[in-house]
Amino acid sequence: MTGGAGFIGSNFVHHVVRHTDDHVVVADKLTYAGNRASLASLPEDRVSLVVGDIADAALMDGLIADADVVVHFAAESHNDNSLDNPRPFLDTNIIGTYTILEAARRHGTRLHHVSTDEVYGDLELDDPARFTESTAYNPSSPYSSTKAASDMLVRAWVRSFGVQATISNCSNNYGPYQHVEKFIPRQITNVVRGIRPKLYGSGTNVRDWIHADDHSRAVLTIIERGRIGETYLIGADGEKDNKSVVELILTLMGQPADAYDHVADRSGHDLRYAIDSTKLRTELGWSPVYDDFETGLAATIEWYVENEAWWSGAKDGVEEFYARKGH
Ligand code: NAD
Ligand code: TDX
């Protein structure tokens, strides 16, 4: 698999080790977003880490030649970084995915490509519609446009070259091992450090939250039972506006609910994401285990409070970056 030292990838490795007998080979460049420590507690006879770039064709060819299944999580994943410097997003998300597709094509290897609901653009707050597998692509940011491009490459390689691939587009994940640049960990670690949480713009923007463990279970389900060439949307009916999430974090951490600041909005900020995951639920029988956001969030807060050593090294640099951007 690729990207196994990142947030969702490392949660997936933990999930696979807990629930299967499979051996996992993680290919990860260990960018600022990758962390060896996220895999440190796992048994060495079940997981090996190969440090390298998914755009390295020789490396990918060798690894994919030996793999039964490739699960592709690696990406540049943060919208704010893509607005600051888009180039790594093109290199990793587009050329990296192309490199993996070519290796999977040469060796006839089964591939699952992990993507995002952001490829569909955004919805109005009062729109009764949610994203489905037939919603037209309409990405907004450099990040989401490179993910959209990667999805299109996978579809083309399935149709043109018979690559044995599936795609999933998931909503916003939360849980342990998420980088402190992202919304929920940033606010939790702000409260731990005595910094006021920072809400972009008015905070009415809506995200559809899913626990990373439910995402992992969905990906395994698609690998086991998904139909080749198909796309599956993954979501847990978890729509919340950002303001409510900040208020809930503050309340769960024993602070006044209004002890946060409004800061500069994100350029091009998508208003609302919402996933209709009927296809995954009805065709493949998946459903989320974490159906209560508050309980999952409380457990996530506890994890960050207990694992300060995991995140403290990255915190100051992230806050300096945001301060320069007015966030
Ligand atoms: P992340 O930024 O936490 O982790 C990305 C990982 O990929 C890191 O370990 C990094 O070192 C690695 N990586 C980056 N560039 C690489 C390269 N060129 N070669 C090899 N490894 C490289 O990201 P995440 O939030 O865990 O997201 C994982 C995947 O899930 C991405 O494809 C993302 O688009 C998708 N996704 C994320 C979310 C979310 O809410 N975070 C939601 C839906 C889909
Ligand atoms: O400090 C903040 N304050 C704030 O209000 C930060 C960092 C974010 N926000 C807002 C912006 C978004 O509306 O919170 C929301 C979530 O922001 P991010 O955590 O940056 O996530 P988002 O941009 O929604 O994208 C995430 O979900 C889809 C992942 O980072 C992507 O990789 C995934 O594809």
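Structure: see above.
Presented here is an overview of the structure given in this document.

## Some words on the site of ligand 2
- Taken together, the neighbourhood of ligand 2 is formed by 22 residues, with Thr 116, Glu 118, Tyr 143, Arg 266 and His 269 sitting nearest.
- Contacts to ligand 2 include Arg 266, whose side-chain N or O atom sits 2.6 Å from an oxygen atom.
- Note that an oxygen atom of ligand 2 is positioned 2.6 Å from one of the side-chain N or O atoms of His 269.
- When isolated, ligand 2 has an accessible area of 660 Å², and the protein chains bury 94% of it.
- Per-class residue counts for the shell around ligand 2 are six nonpolar, nine polar and seven charged.

## Focus: the sheet that holds strand E3 (residues 69–72)
- If you walk across this open sheet you meet the four strands as E3-E4-E5-E10, and the pairing is parallel. The sheet terminates laterally at E3 and strand E10 (231–234), the two strands that pair on one side only. Neighbouring strand axes in the sheet, compared pairwise and without regard to direction, differ in orientation by 20 degrees on average.
- With four bridges connecting them, strand E5 (residues 165–170) and E10 associate as parallel partners. What sits directly across from Ser 168, in E10, is Tyr 232.
- Packed onto the sheet, helix H7 (residues 212–225) meets E3, strand E4 (110–116), E5 and E10 and runs at close to 145 degrees relative to E4.

Basis of the calculations
- Residues numbered from 1 in each chain as written.
- Chains lettered and ligands numbered in written order.
- Predicted model: local features only at pLDDT ≥ 70, side-chain atom pairs only at ≥ 80, totals over all residues.
- Heavy atoms only, no water.
- Near = heavy atom within 4 Å.
- Polar contact = N/O pair within 3.5 Å; in protein donor to acceptor, adjacent residues only side chain to side chain.
- Areas by Shrake-Rupley, 256 points an atom, 1.4 Å probe, with all protein chains shown as cover.
- Nonpolar A, V, L, I, M, F, W, Y, C, P; charged D, E, K, R; others polar.
- Pairing = 2+ DSSP bridges.
- Helix = DSSP H or I, 4+ residues; strand = E, 2+ residues; numbered from the N terminus.
- Axes fitted to C-alpha atoms, helices over the stretch in contact; angles between N-to-C directions.
- Contact = heavy atoms within 4.5 Å.

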